[in-house]
Structure formats: C-alpha cells, structure tokens
Amino acid sequence: MADSEALPSLAGDSVAVEALLRAVFGVVVDEAIQKGTSASQKCHYSIQKGAAFLGLGTDSVRVVKADERGKMVPDDLERQIGMAEAEGAVPFLVSATSGTTVLGAFDPLEAIADVCQRHGLWLHVDAAWGGSVLLSQTHRHLLDGIQRADSVAWNPHKLLAAGLQCSALLLQDSSNLLKRCHGSQASYLFQQDKFYDVALDTGDKVVQCGRRVDCLKLWLMWKAQGDQGLERRIDQAFALARYLVEEIKKREGLELVMEPEFLNVCFWFVPPSLRGKQDSPDYHQRLSKVAPVLKERMVKEGSMMIGYQPHGPRGNFFRVVVANPALTCADMDFLLNELERLGQDL
C-alpha cells in the first residue's frame, strides 16, 4: 500500500476501494492528544476522523506509546507493527507529530523513518503546529528527519499567523499523486482541450473541488516579511516562551508540568489552600479542580483566555501557547498577575 503506483487502479471504484482497504487496513499512528477523551484514547482526533471518512473504521487505528514528554517511542512502534502483522493486518501508514497539541512534543523522526523504511510504510508527519520551526536556523533541529517523510501537513495560519485558513500538504511524490487519487475529470468543469496546461486545474486534485487559494496568503506574507522576518517572528516566540517559563519558576504557587521544548508552556496554579500539602491524599484531585474555576472567573471578568486540560495521569493544568507576534513580556506578567489575583481566595 505504500507503493504509489498501486493507487490509480483504486481511484475509480469507491466501493471496491472501501472493501479493499477494510481487508488490508492496519494503521499505526503516534500517541498525540485527543481533546475530551480519557488517557487510554490519545490519538489526535483528526486521525480517527480520517479513518472513519475512508470507511476504514476507527478501530483500525493503532496507538503507539509515548514517553513522559509525549514523544512517540520507536521501539513500541516496531512492536505494534509486528503485532498488527501477526494478526493478519497490513500496516501501511505511520503518522508522526511535530508539535503535539498539549505538550508541544516533537516525535523522533529519524528513528521513526528508520522503522518505516524497514517495513515499507508510508510516513506522514503532522507538522500543522510545529512545521514553521523549519524557518528558524536556531530551532529547526526539532524537525530533524522530516525530509524523509512521504507527506507533511503544515498550517502556516498557526505559528506564522497567516490568515485563516492556510494549510499545505507537501508530498515527496512528483507523479501528480493527488490527481490520480482524486481526479474525476468531470468534463463540465475540467475540459481537457483548453489552450493552457490543464494540470493547472488544481480543483481536480483535492477532495472538496472548490476552495480558497490558501497559498496566496502565505506567498504575500512571505513576500512582505522575507525569510528573516518570519525567522524573527519564530525566534521571538521562543524567547517569549522562555521568559514566561522563568517567571513561573520565580513565583510561589506556580508549578511547571515540564520544561517545554516548544511554545506550549504548561503549568499548574497551586492556590494558597494547597501550598505545602503535596503529600495529602486528595492533593491532586483538589488541584485538578482549580483550573476550571479560574477559567470561569477569567472568562466572566473578560480579562483573558487560557486553555486547560488533563494529560494522562496529570490533572488539569493551564496551557499557554505563546505564538501571537503581538505579545510582549508585559503580557506575560499580566497573565501571571491575573491568575494570582483570581485565585488568591482558593
């Protein structure tokens, strides 16, 4: 299934495609974060939705273990592939993540690519959030190995703050794979006898046919700011995240979940009533209830908006994503001061 030459024969008969894929499917995906689910269901929800849309069924998605920092464990990926094959399934896709939703983790792409190469699997990298880091000479090492991916998803509307929506799917394949998969050659839309190169009719390459020209927004922004301008934006975000981390360390009642490697700064606000009581049997249960209360208060005050969530065994904590290029150190100070003000009576 990793062989792109097998795809053209599948494109014409959707019923046959569904039947065949059901018979051979065995997807291996990395452990990212699924919003609103328990710790046992941590795949990014888009992976399961994609399996459902394809008629493969969400049960066909296999979850690979992640380490304490949220990174895929390559040894477990190898184990999952072996288990799938032993059960008679045919794995064909590994979906790694560069910049997970909650912890901002970057999977070890080189090691994952080695596994995929050994087993002949398609490697897809979800770099929707973290892909823009490639524009920074200082931080692009986080994406080492991404050049070995067969496909990469990237959302410039996230870290680069391009206008919504701006998404790209990058492929190693240069044989017009998308058109071979999706092209219907509808004569009333995509006439083949036009005076220009009909390969320019990109509507016959995508699922939705009509759509906005996302790349124009990216091109205009890149043209205006240049490589150095976009690099400064990324480096500034990293510097601001580091400032926030160091300020959290200085203040009583604020506790980092872990040292971030990206722009996701995750921490608990420990209210006065819980400070020094880490050994209490109900400490973590009580701490988990703090973030929802503070979120309600900040929303009703209209002062700010911060996301929170649990992660595995960790109870609810705040997640500040420092990506807005208009943010300053003063905004970070305000954020922490406001949390302390809103939570001083808890």
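An unreviewed UniProt entry lists the chain under the name Cysteine sulfinic acid decarboxylase, from Colobus angolensis palliatus. What UniProt states about the chain under its Cofactor (unreviewed entry) heading is, verbatim, "pyridoxal 5'-phosphate". UniProt, in the comment section headed Sequence similarities (unreviewed entry), describes the chain in these words: "Belongs to the group II decarboxylase family."

A.B. asks: Got a minute to help me understand the overall build of the chain in this structure?
C.D. replies: Along the chain, the regular secondary structure elements total nine helices and ten strands. The burial tally for the chain puts 45% of its 346 residues in the buried class. Considering only intrachain contacts with a sequence separation of at least 6, the fraction spanning at least 24 residues in the chain is 63%. Total accessible area on the chain stands at roughly 17,700 Å², and carbon and sulfur atoms take up 54% of it.

A.B. asks: How should I be thinking about the pattern of salt bridges in this particular structure?
C.D. replies: Oppositely charged side chains are able to pair whenever their charged atoms sit close together. If you walk through the whole model with that rule in mind, you get 17 salt bridges. The partner of E247 in a salt bridge is K250, with the nearest N and O atoms 3.0 Å apart. With E247 and K250 both in helix α6 (residues 214–250) and three residues apart, the pair spans about one turn of that helix. A relative accessible area of 63% places K250 in the exposed class. The network of salt bridges with common partners includes R242, E246, K249 and E259.

A.B. asks: What am I meant to see in the nonpolar core here?
C.D. replies: Within soluble globular proteins, side chains that are nonpolar tend to cluster in buried spots. In this structure, L123, V265, F267, F318 and L339 are the most contacted members of the largest nonpolar core, which totals 73 residues. Ranked by residue count, the leading element in this core is α6, at eleven residues. With near-sequence residues (within four places) excluded, F318 lies in contact with V265, C266, F267, F269, A291, L294, M298, I306, G307, Y308, Q309 and L339.

A.B. asks: I keep staring at the packing of aromatic side chains and nothing clicks. Help me out?
C.D. replies: For any pair of aromatic rings, the description consists of the separation of the ring centres together with the inter-plane angle of the planes. Evaluated as defined, the whole model comprises six aromatic pairs. An angle of 85° between the planes, with centres 5.2 Å apart, marks the rings of F195 and Y196 as edge-to-face. When the centroid spacing of 6.0 Å and the interplanar angle of 40° are considered together, the rings of F267 and F318 count as tilted. A residue pair is termed long-range when its members are at least 10 positions apart, and F267 in strand β8 (residues 264–269) and F318 in strand β10 (residues 314–321) qualify at 51 residues. Since its relative accessible area comes to 1%, F318 is described here as buried. Members of the aromatic cluster, connected to one another through ring pairs, are F106, W129, F238 and F262.

Rules behind the numbers
Within every chain, residues take consecutive numbers counted from 1 along the sequence as written. This being a predicted model, a pLDDT of at least 70 is required before a residue's local features are given, and a value of 80 or more before pairs of side-chain atoms are given or counted; all residues contribute to the totals for chains, interfaces and linings. Side-chain descriptors were evaluated using all non-hydrogen atoms of the structure, hydrogens and water having been removed beforehand. UniProt positions are given in the numbering used here, feature names are shortened, and annotations may be inferred rather than shown by experiment. Labels follow the DSSP assignment, with helices taken as runs of H or I lasting at least four residues and strands as runs of E lasting at least two, numbered in each case from the N terminus. Three exposure classes are used, based on accessible area relative to the maximum for each residue type with a 1.4 Å probe and protein chains only: buried under 20%, partly exposed in between, and exposed over 50%. It only takes one pair of heavy atoms within 4.5 Å for two residues to be counted as in contact. Surface accessibility in these figures is a Shrake-Rupley result with a 1.4 Å probe; residues are shielded only by whichever protein chains are displayed. A carboxyl oxygen of Asp or Glu within 4 Å of a side-chain nitrogen of Lys or Arg is what we treat as a salt bridge. What is meant by a nonpolar core is a set of buried Ala, Val, Leu, Ile, Met, Phe, Trp, Tyr and Cys residues, joined one to another through side-chain atoms within 4.5 Å. The rule is short: rings of Phe, Tyr and Trp, with Trp giving its six-membered ring, pair when the centres are within 6.5 Å, and they are stacked under 30 degrees, edge-to-face over 60, tilted in between.

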